[in-house]
Amino acid sequence: MELPGTFEEKMKEMLGADYDTYLASFDEEAYQGLRVNTAKISVEDFLKISPYDLKPVPWCPNGFYYDKSVKPAKHPYYFAGLYYIQEPSAMTTASLLPIEEGDTVLDLCAAPGGKSTELAAKLNGTGLLVTNDISNSRAKALLKNIEVFGVGNSLVTSEPPNELAKRFPAFFDKILIDAPCSGEGMFRKQNNMVKAWEQNGVDLFVGLQRSILKEAVTMLKPGGTLIYSTCTFSKEENEQSIEYLLSLDESLRLVELPLIDGFDKGHPEWGLTGNEDLSKCRRLWPHRIKGEGHFVAMVQKEADSFRISDQDNAGTTGNSTILKGASVREYEFSKEKLSKEAKEFIQSLDYPFELSRMDVQKERVFYIPEQMPYVRGLRILRCGLYMGDMKKNRFEPSQSLAMFLKKSDYASVLDLDVKDARVIKYLKGETLSLTDSEQTNCKDGICLICVSGYPLGFGKLSKGTMKNKYLPGWRWM
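Residues numbered from 1 in each chain as written. Predicted model: local features only at pLDDT ≥ 70, side-chain atom pairs only at ≥ 80, totals over all residues. Heavy atoms only, no water.

1. Digging into the overall build of the protein chain
Helix and strand counts for the protein chain come out as 15 helices and 25 strands. Here the C-alpha atoms of the protein chain give a radius of gyration of 24 Å, agreeing with the 23 Å that 2.2 N^0.38 yields for 477 residues. Expressed along its principal axes, the backbone C-alpha trace of the protein chain runs to roughly 75 × 65 × 35 Å. Counting all 477 residues of the protein chain, 57% fall into the buried class. Pairs at least 24 residues apart make up 71% of the contacts formed inside the protein chain by residues separated by at least 6 positions. (Helix = DSSP H or I, 4+ residues; strand = E, 2+ residues; numbered from the N terminus. Rg over C-alpha atoms; globule rule 2.2 N^0.38 Å. Buried < 20%, exposed > 50% of the residue type's maximum accessible area, 1.4 Å probe, protein only. Contact = heavy atoms within 4.5 Å.)

In structure tokens form, the structure reads like this:
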């Protein structure tokens, strides 16, 4: 690969004697990875049914390498949301963020959803995940991955960071920022990134990163943790962006990240302030690990950095902005009511849904998590779990509800073996025929279709024939 001359000179200066080894890494194949969705299946159980020869990714307990000859996106388990295809180095950020059940979590630049789906798995159905991307088209891909993974406690938005910051001051326990960057670490995997680098350089992204960080820090609770990552080598976008972040709030402290075999420490000499704590950051070089280039840093806000005052809206102390009187309004439910059919279907599920938390928007029904804030006025792609649609004299459950449920949550189930040809037929949207024995487990009406015990979607059974209800936009192509 022909690299830009200015990039080569910069890398020679940064890597010194390691430069030739780095350059040689371009002759090696990029590594392929998948990450198990532990919200649906344990790593141990997935390895028992995995159709692939997998080798563990050292820095992600549920991450694995797979051979480039296989196509994991063309397997029913992928459609069942059992794993996410993700570049191995990109698994680092969400894996390191210490999510606790019940946390309020923000993924600020989230599309297409690789990190958000891992954050959701770590929340294990508790708390709230706000996952956002400023690009509406990219946010649609994010929404699909959130729903395939069976996430019900999420708010999917498409807003610039400053709009979210107005709404959610000091609201989040954990924030993840996988910042837009110049992409130098992805040159081997994505050749088109080289041309983009020549057109944009790093200055454009430095400005973007700082505008994002400036807003994000105001949304972090006292005692909260923020993790920042890029897939570039640029010191301006990495160590120097972290210096900028620290300058925004004097209560922020860098957290020492694990020094996993092959990882490099952050480089204080590449910063501008001489802050030795920058060594607590981590750099991933493609010639030292089995993955692409990456940078990760984590900061924590001191727990006593926030004082609530009813008299003032804001105050400043030194370089630290202290929000005062900050509060986030609770979600406002509509006054529309559930239909009898919707209520009966929801109550038939073996899951502790609270009917008081069902929100009806025209004919659509949503289940709203307890920690959902006031969202009116935001550009929202999904608020809570989309349950389904109230039609005349019937309720049609949604694809997202099917992916949220477990096999044991519904009485009428068609569970197909992964080698059954009807699995692919179902994913293609075709009608299925059932045997007599299968009809004893499936009653006429709505049926949950599973593969190896894991839901794929709904069907409607009538006299041995299963009408396909799989979402058209998700179908096997």
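2. Details of the nonpolar core
If you look at the biggest cluster of nonpolar residues, it comprises 41 residues, and the most contacted ones within it are Leu108, Ile177, Met219, Leu226, Ile242 and Leu245. The set of elements that each furnish at least two residues to this core consists of strand S6 (128–132), helix H8 (161–167), strand S8 (172–178), helix H10 (203–219), strand S9 (220–230), helix H11 (239–248), strand S10 (252–255) and strand S13 (294–301). Apart from the residues within four sequence positions on either side, Leu108 is in contact with Asn132, Asp133, Pro161, Leu164, Leu176, Ile177, Ile212, Ala216 and Met219. Of all hydrophobic cores here, the second largest spans 33 residues; its members include Tyr66, Val423, Leu461 and Trp474. (Core = buried A, V, L, I, M, F, W, Y, C linked by side-chain atoms within 4.5 Å.)

3. Digging into the pairing of S8
Burial analysis of S8 places 6 of its 7 residues in the buried class, the great majority of the element. Pairing between S8 and S9: 6 bridges, direction parallel. Its bridge partner being in S9, Leu176 is matched across the sheet by Ile227. (Pairing = 2+ DSSP bridges.)

4. Overview of the sheet that holds strand S23 (residues 445–451)
With mixed pairing, the 5 strands of this open sheet are ordered in space as S21-S23-S24-S25-S22. Both outer strands of the open sheet, strand S21 (413–416) and strand S22 (432–433), are each paired with one neighbouring strand and no more. Sheet topology places strand S24 (residues 454–462) next to strand S25 (residues 465–468); 4 bridges connect them, and they run antiparallel. Paired with Leu461 across the bridge in S25 is Met466.

5. Considerations on the packing of aromatic side chains
If you walk through the whole model with that rule in mind, you get 29 aromatic pairs. Judged by centre distance (5.0 Å) and plane angle (20°), the rings of Phe233 and Trp285 are stacked. Of this pair, Phe233 sits in the loop between S9 and H11 while Trp285 sits in the loop between strand S12 (282–284) and S13, placing them 52 residues apart in sequence. A single burial state applies to Phe233 and to Trp285, both of which are buried. Ring centres 6.2 Å apart and planes at 80° place the aromatic pair Tyr410 and Phe458 in the edge-to-face group. In this pair, Tyr410 is assigned in the loop between helix H13 (399–404) and S21 and Phe458 in strand S24, connecting sequence segments 48 residues apart. Judged by its relative accessible area of 12%, Tyr410 is buried. Here a set of aromatic residues connected by ring pairs shows up, and it is made of Tyr19, Tyr22, Phe26, Phe233, Trp270 and Trp285. A cation over a ring is seen here: Arg329 above Tyr374, with NZ or CZ 3.7 Å from the ring centre. For Arg364, the ring lying beneath its charged end belongs to Tyr386, and the centroid distance is 4.3 Å. (Phe/Tyr/Trp six-rings, centres within 6.5 Å; stacked < 30°, edge-to-face > 60°. Lys NZ or Arg CZ within 6 Å of the ring centre and 35° of its normal.)

6. What about the side chain of Glu341?
Looking at the element boundaries, Glu341 is found in helix H12 (residues 340–348). Despite its burial, Glu341 remains without a salt bridge, the nearest opposite charge being carried by Lys340 at 4.0 Å. Leave out the neighbours within four places in its chain, and Glu341 touches Asn393, Arg394 and Phe395. (Lys, Arg positive; Asp, Glu negative; His and termini not counted. Salt bridge = Lys/Arg side-chain N within 4 Å of Asp/Glu carboxyl O.)

7. Here we look at the environment of Ala111
Here Ala111 lies in the loop between strand S5 (104–107) and helix H6 (114–123). Here Ala111 falls in the buried class, since its relative accessible area comes to 9%. For Ala111 and Asn145, which are 34 residues apart along the polypeptide, the C-alpha to C-alpha distance reads 9.2 Å.

8. A look at unusual backbone geometry
With an omega of 5°, the peptide bond between Ala111 and Pro112 qualifies as cis. Tracing the chain through its elements places Pro112 in the loop between S5 and H6. One non-glycine residue, Asn393, adopts positive backbone phi at about 65°. With respect to the helices and strands, Asn393 occurs in the loop between strand S19 (385–391) and strand S20 (394–397). Judged by relative accessible area, Asn393 falls into the exposed class, the value being 62%. Despite not being glycine, Lys463 shows a phi value in the positive range, around 55°. Looking at the element boundaries, Lys463 is found in the loop between S24 and S25. Given a relative accessible area of 76%, Lys463 falls into the exposed group.

9. A few points about the packing of H10 against H11
Look at H10 against H11: their axes get within 10 Å of each other, and the N-to-C directions meet at 35°. For the element pair H10 and H11, the recorded crossing hand is right-handed. Along the contact surface, H10 presents Gln209, Arg210, Leu213, Lys214 and Val217, while H11 presents Gln240, Ser241, Tyr244, Leu245 and Leu248. For the contact of H10 with H11, the class distribution of residues is 5 nonpolar, 3 polar and 2 charged. (Axes fitted to C-alpha atoms, helices over the stretch in contact; angles between N-to-C directions. Left-handed = near helix turned anticlockwise from the far one by under 90°. Nonpolar A, V, L, I, M, F, W, Y, C, P; charged D, E, K, R; others polar.)

10. Some points on H6
Side chains that are three or four residues apart share a direction in an α-helix, a result of its 3.6 residues per turn. In terms of residue burial, H6 counts as a mostly covered element, since 9 of its 10 residues are buried. Those residues of H6 not exposed but buried are Gly114, Lys115, Ser116, Thr117, Glu118, Leu119, Ala120, Ala121 and Leu123. Within two residues after H6, Asn124 carries a phi angle of roughly 55°, on the positive side.

By themselves these figures say nothing about function.
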